[in-house]
Amino acid sequence: MRVELSENSFNSTVADMELIVLGLKDLLGYCDEQILERAGFKAAQSQICALHDMRKIYVGADRSNLQSIRDAIAKASSNLLSYSYKRVKIEASSYDELKAIVTGMLLGSYSFDRYKSDKSSKEIVLQVCIGSDLESKRAKSLIDEVVTICSATNYTRDLVNTPPDDMTPVDLAACAVELARESLLECSVYDEKFLEDEKMNAMLAVARASVHKPRLIHLSYRPKNAKKVITLVGKGLTYDSGGLSLKPSSSMVTMKMDKAGGCAVLGILKAVEALGLPVEVHGFVGAVENMIGANAYKPDDVLVAKNGKTIEVRNTDAEGRLVLADVLCYAQQSVKADYLFDFATLTGACMVALGQYTTGILGHSGNLKHHIRRASSDAGELAASLPFNNYLKDLLKSEIADMSNVGSKPYGGAITAALFLDNFIDDEMKQKWMHFDIAGSAYSESSWGVNPHGATGAGVRSCVEFIKGL
Ligand code: BES
Ligand code: ZN
Ligand code: ZN
């Protein structure tokens, strides 16, 4: 799918199909009202009606709601791929609507067909026409920006969707190096020897039973005019079998997505660099595979993390927090940042709390949470905050170590996981830190909103929006 700004008005733009977004209220007295009524079109959300003879495709949406427009366009764009039209035109009446249309198109038409013999090689050009009250220069640069952000989101989706044997920690690190090679980003990759020297024993324990060796990735973007510094940390579990606390077979399917936090960090850096934003951004990814084997780490082991704190392992499936513990420590030691965000498919409990579609945001600063929620909503992602409290903190107490890696009660698991991470945040960073639990929002086996089956690229649009606002 390619998006172009039309030089002409809607009527004089040449295309072989018109895409028209129509709301219930617009339907009454509309020129095609009777034809649409006979076709059973009620302008319900994302309902599609293709009138091929008239070269028009209608899609239902509430035109006063950007999310509704975005979702409808996404549905229409995947629908368009089933026809042979090459040029499609659409009209945008405001900048916000333009952003929603382009986002819906580019994210909704994504498909992951690398492993299909039959690849869809269709290239559709979307001609966006704007009303005379909009400036074409501003519209053009808005389209460029949205294209950049959506390409980065789709890049993250590609990484996450790649099967675990083709995206091991070493492969993920190679992708980061490649990303840096084709841009102004810098990339360093560290192996186990380095992790040992840095005393990152929690991360090493998780990695130990896999034949695919762990990697610590540091990707950075340092523009000359940087106004702020932000550090991003990503959970990069290229596969999570659960370890000796083995997952049931049905829960293991889709666990290639446990690298989605790390992949989001790569996507965010890709977008920020391409946009040339005046913010220094560092991405740290702990790339590890959690497997079983004779040398696997076990429930009952006690690990000493990089900052010297001891952790009683009571469940090897709560591995993401162990990896993040060390990577967070390393990231804070390496860079003095104004913000520290981590992205992780950390807990099934987050999905229980918020549903599958919403990212959980957890941290100490109400003000920062407020800004992140705003950025998420402007970017078109769902995010909601889950509150800390000291009683839940007590659930992490261990009789034999500084803390346990799981809570002693089965409730509030997304919060206890974040409270676990809090043990690895330096005092001066407490108010600057935010944890994004993307366990539900990063991947879905059925399509929703602008997301086809599979990885969504959760976190990329929100974080880029936040960085843009700095
Ligand atoms: N990667 C999982 C969390 C997850 C579950 C992500 C489902 C996406 C979908 C994580 O490592 C995990 O297994 N967490 C456990 C923690 C528990 C043992 C305290 C969980 O959520 O069950
Ligand atoms: Zn796990
Ligand atoms: Zn995991």
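Here the residue index of a chain counts from 1 through its sequence in written order. To label them, take the chains in the order written and letter them from A, then take the ligands in the order written and number them from 1. With pLDDT at 70 or above as the cut-off, local features in this predicted model cover only qualifying residues; side-chain atom pairs require 80 or more to be listed or tallied, and sums for whole chains, interfaces and linings still use all residues. Excluding hydrogens and water, the side-chain values take into account all heavy atoms of the structure.

### Some points on the nonpolar core
Applicable threshold: By nonpolar core we mean a set of buried residues, namely Ala, Val, Leu, Ile, Met, Phe, Trp, Tyr and Cys, connected to one another through side-chain atoms within 4.5 Å. Three labels apply to residues, based on accessible area from a 1.4 Å probe with only protein chains included: buried if under 20% of the type maximum, exposed if over 50%, partly exposed otherwise in between. Put simply, DSSP marks the helices as runs of H or I at least four residues long and the strands as runs of E at least two long, and each gets a number from the N terminus on. Whether two residues touch is decided by their heavy atoms; if any such pair falls within 4.5 Å, the residues are in contact.
Ranked by size, the top nonpolar core spans 54 residues in total, and within it Ile230, Leu232, Leu266, Ile268, Val281, Phe341 and Ile467 carry the most contacts. It is helix H10 (residues 260-275) that contributes the most residues to this core, 9 residues altogether. The contact partners of Val281, leaving out residues within four places of it in the chain, are Leu219, Ser220, Tyr221, Ile230, Leu232, Leu269, Val272 and Ile467. Counting 52 residues, the second largest nonpolar core, distinct from the first, contains Ala207, Ala325, Ala337 and Trp433.

### Description of the sheet that holds strand E1 (residues 2-5)
The criterion, for reference: Between any two strands, at least two bridges found by DSSP are needed for them to pair. To get an axis, a line is fitted to the C-alpha atoms, and for a helix only the part in contact is used. The angle between two axes follows their N-to-C directions and goes from 0 to 180 degrees.
Reading across the sheet, the 6 strands line up as E1-E6-E5-E2-E4-E3 and stay open at both edges, with mixed pairing between neighbours. Strands with a single pairing partner mark the edges of an open sheet, and in this sheet they are E1 and strand E3 (48-51). Neighbour-to-neighbour, the strand axes of the sheet open up by a mean angle of 25°, direction not taken into account. Inspection of the sheet shows E3 paired to strand E4 (residues 56-60) by 4 bridges, in the antiparallel sense. Its bridge partner lying in E4, Ala50 is registered against Ile57.

### Topic: the coordination of the zinc ion (ligand 3)
We count it as follows: The donor definition counts N, O and S atoms within 2.8 Å of each metal and applies 3.2 Å to Na, K and Ca; water is not among these atoms, so some sites may look incomplete. Angle rules define the geometry names used: all angles between 85 and 135 degrees makes four donors tetrahedral, while opposite donors over 155 degrees apart and all other angles between 65 and 115 make four donors square planar and six octahedral, leaving every other case irregular.
Within the protein, the atoms that donate to the zinc ion (ligand 3) are Lys235 (NZ), Asp240 (OD), Asp258 (OD) and Glu319 (OE), at distances of 1.9 to 2.4 Å. Taken together, the 6 donor atoms coordinating the zinc ion (ligand 3) span angles of 77 to 174° at the metal, a pattern that classifies the geometry as octahedral. Spacing between the donor residues of the zinc ion (ligand 3) along their common chain follows K-x4-D-x17-D-x60-E. Distance-wise, the zinc ion (ligand 2) is placed 3.2 Å from the zinc ion (ligand 3), both being coordinated by Asp240. Highlighted residues: Asp240 in strand E9 (residues 228-240) and Glu319 in the loop between strand E12 (310-312) and helix H11 (320-334), separated in sequence by 79 residues. Residue Asp240 shares its accessibility class with Glu319, and that shared class is buried.

### Points about a nonpolar patch on the surface
Going by this rule: Patches draw on residues past 30% relative accessible area with no salt bridge. Two like charges within 9 Å are joined, as are two nonpolar side chains (Val, Leu, Ile, Met, Phe, Trp, Tyr) within 5 Å. Computed with a 1.4 Å probe, the accessible areas rest on the Shrake-Rupley method; for each residue, only the protein chains presented here act as cover. Each salt bridge in this description consists of a side-chain nitrogen of Lys or Arg and a carboxyl oxygen of Asp or Glu lying within 4 Å of one another.
Taken together, the side chains of Leu244, Leu246 and Ile292 present a nonpolar region at the surface, about 260 Å² in accessible area. Structurally, Leu246 is set in the loop between E9 and helix H9 (249-252). Overall, Leu246 belongs to the partly exposed group, its relative accessible area being 45%.

### Things to note about the coordination of the zinc ion (ligand 2)
Bound to the zinc ion (ligand 2) are the protein donor atoms Asp240 (OD), Asp317 (O), Asp317 (OD) and Glu319 (OE), situated 2.0 to 2.2 Å from the metal. Each of the 6 donor atoms around the zinc ion (ligand 2) contributes to a set of angles spanning 71 to 167°, which defines the coordination as irregular. Between consecutive donor residues of the zinc ion (ligand 2), the sequence gaps follow D-x76-D-x1-E. Its relative accessible area of 0% is what places Glu319 among the buried residues.

### Describing the pattern of salt bridges
The final tally for this structure, using the stated rule, is 19 salt bridges. Across the salt bridge formed by Glu4 and Arg2, the nearest N and O atoms sit 2.9 Å from each other. The shortest N-O distance in the salt bridge between Arg314 and Glu312 comes to 3.0 Å. Arg314 gets classed as exposed once you look at its relative accessible area, which sits at 51%. Salt bridges here are not isolated pairs; linked through shared partners, they connect Lys99, Glu145, Glu465 and Lys468.

### A few points about the layout of surface pockets
To keep it simple, the criterion reads: A pocket, in this scheme, is an open set of points on a 1 Å grid over the protein atoms alone with protein on both sides within 12 Å along at least 5 of 7 lines, while a cavity is a set where a 1.4 Å probe fits but cannot get out; residues line either one if an atom lies within 4 Å of a point. Grid points are joined across faces, edges and corners, and a volume is the space filled by probe spheres set on the points. Residues are sorted three ways: Asp, Glu, Lys and Arg are charged, Ala, Val, Leu, Ile, Met, Phe, Trp, Tyr, Cys and Pro are nonpolar, and all the rest, Gly among them, are polar.
Approximately 620 Å³ is the volume attributed to the largest pocket. Along the walls of the largest pocket sit 32 residues, with Lys247, Leu346, Thr347, Gly348 and Ala349 positioned nearest its centre. Residue assignment for the lining of the largest pocket shows that the elements contributing at least two residues are E9, H11, helix H12 (348-354), helix H15 (413-422) and strand E18 (443-444). The residue makeup of the lining of the largest pocket, split by class, is 11 nonpolar, 12 polar and 9 charged. The calculated volume of the second largest pocket comes to roughly 300 Å³. In terms of lining, the second largest pocket is formed by 13 residues, of which the most central are Met1, Leu106, Ser109, Tyr110 and Ser111. With 4 residues, helix H5 (residues 136-161) is the single largest residue contributor to the lining of the second largest pocket. The class makeup of the residues in the lining of the second largest pocket is 6 nonpolar, 5 polar and 2 charged.

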